[in-house]
Amino acid sequence: MLMASFGKCAVVARNGLLHQQTAGMKCFALPAQYENIHTPERPKLRFMDKVPQLPSNLRPPKMQKKLKWMRGPEQIHNDLVHKQYGIVATGGGRLKWGHFEMLRLTIGRKMDTNRMFAIWRVEAPWQPVTKKGQGQRMGGGKGAIDHYVTPVKSGRVIVELAGKLEYAEAQNILKVVCPKLPFEARIVSQKLLDDEALERGHKERKNLNPWTLKYIVQNNLGGCHRWLSPVDHKWFGEYN
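Criteria and thresholds
- Residues numbered from 1 in each chain as written.
- Predicted model: local features only at pLDDT ≥ 70, side-chain atom pairs only at ≥ 80, totals over all residues.
- Heavy atoms only, no water.
- Core = buried A, V, L, I, M, F, W, Y, C linked by side-chain atoms within 4.5 Å.
- Buried < 20%, exposed > 50% of the residue type's maximum accessible area, 1.4 Å probe, protein only.
- Helix = DSSP H or I, 4+ residues; strand = E, 2+ residues; numbered from the N terminus.
- Contact = heavy atoms within 4.5 Å.
- Arc of directions from axis to C-beta.
- Phe/Tyr/Trp six-rings, centres within 6.5 Å; stacked < 30°, edge-to-face > 60°.

Trainee: Lay out the nonpolar core in plain terms, naming residues and giving numbers.
Mentor: Of all hydrophobic cores here, the largest spans 29 residues; its most connected members are Leu 103, Ile 107 and Ile 158. At the level of elements, strand 4 (85-89), helix 1 (97-110), strand 6 (116-120), strand 9 (157-163), helix 2 (167-174) and strand 10 (185-189) are the ones that each hand at least two residues to this core. With four residues, the single largest contributor to this core is helix 1. Contact partners of Ile 107, with chain neighbours within four places excluded, come to Leu 45, Ala 118, Val 159, Ile 173, Leu 174 and Val 177. Membership of the second largest hydrophobic core comes to five residues, among which are Leu 80, Val 88, Val 157 and Leu 193.

Trainee: Go over helix 2 with me, naming the residues and quoting the values.
Mentor: Within helix 2 the residues assigned to the buried category are Ala 170, Ile 173 and Leu 174. Down the axis of helix 2, the buried side of the element spans an arc of 85°, and every buried residue falls inside it. Those residues of helix 2 that are buried lie in contact with strand 4, helix 1, strand 6, strand 9 and strand 10.

Trainee: I'd like to hear about the environment of Pro 40, residue by residue, with values.
Mentor: Within the secondary structure, Pro 40 is located in the loop between strand 3 (17-22) and strand 4. In this structure, the C-alpha to C-alpha distance between Pro 40 and Phe 117, residues 77 residues apart in sequence, is 7.4 Å.

Trainee: So what's going on with the packing of aromatic side chains? Which residues, and what values?
Mentor: Here the structure, examined in full by the defined rule, presents six aromatic pairs. When the ring of Trp 69 is compared with that of Trp 126, the centres are 5.4 Å apart and the planes differ by 50°; the resulting orientation is tilted. With Trp 69 in the loop between strand 3 and strand 4 and Trp 126 in the loop between strand 6 and strand 7 (127-131), this pair connects stretches of sequence that are 57 residues apart. Look at Trp 69 and you get partly exposed, because its relative accessible area is 29%. Owing to a relative accessible area of 32%, Trp 126 belongs among the partly exposed residues under this scheme. Each ring, one from Phe 100 and one from Trp 120, has its centre 5.2 Å from the other, and the planes form 55°; the classification is tilted. Of this pair, Phe 100 sits in helix 1 while Trp 120 sits in strand 6; the two residues are 20 residues apart in sequence, bridging distant segments of the chain. Summarising the burial analysis for this pair, Phe 100 and Trp 120 share the class buried.

Trainee: Just give me the short version of the environment of Leu 192, but keep the residues and values in it.
Mentor: Residue placement: Leu 192 occurs in helix 3 (residues 190-206). Of the residues examined, Leu 192 reaches a relative accessible area of 30% and is grouped as partly exposed. Apart from residues no more than four positions distant in its own chain, Leu 192 is found in contact with Arg 186 and Ile 187.

Next up, the structure:
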């Protein structure tokens, strides 16, 4: 192999071919800035009560299942407060107290409390779930309260992880707890949510097909009202 130098470039002869090598300035991305981040006094997730605290003169009420609290999109708690990272539900479901403890212990064990902190974005278990004892006959009224749950809709932010960290670090911490939740969930960042919103708006503006499912349902094309459910009339096939 022969090598000849000409100023700032070099010509290398390898296997009878000439390869030109040049040297230049490398441009690296600027490091992330964390001046606006304020770490709270308690960086770890707080403990959630297993049973809601009620006044002593109030009997714990019983409730119906209320599937509407788990069906459809989340309209309020669907964005990140600290604009960094978190876990977002992609389907409806119920969180039990065991899921809260799993999230609290796993994230608290893996995170670096000197430069990270985590917060809850869901309430403690508050909806009662009743259950009758094994072997009882039918009838006799509604069963006793067995445990409490927190209903969650699609798009609800479950936990936020923020501080002086990057997406790769947050992903290594949160990817352990996502498969253990009782519904489908994913790890998101603020940049990912912004990009998805831009892409969704771009598709809506550039769409040239007028035959959307919303148009078909609203105009009863093909007599679809005969077999569509009330949920399809409300969400147009997006949330079932």
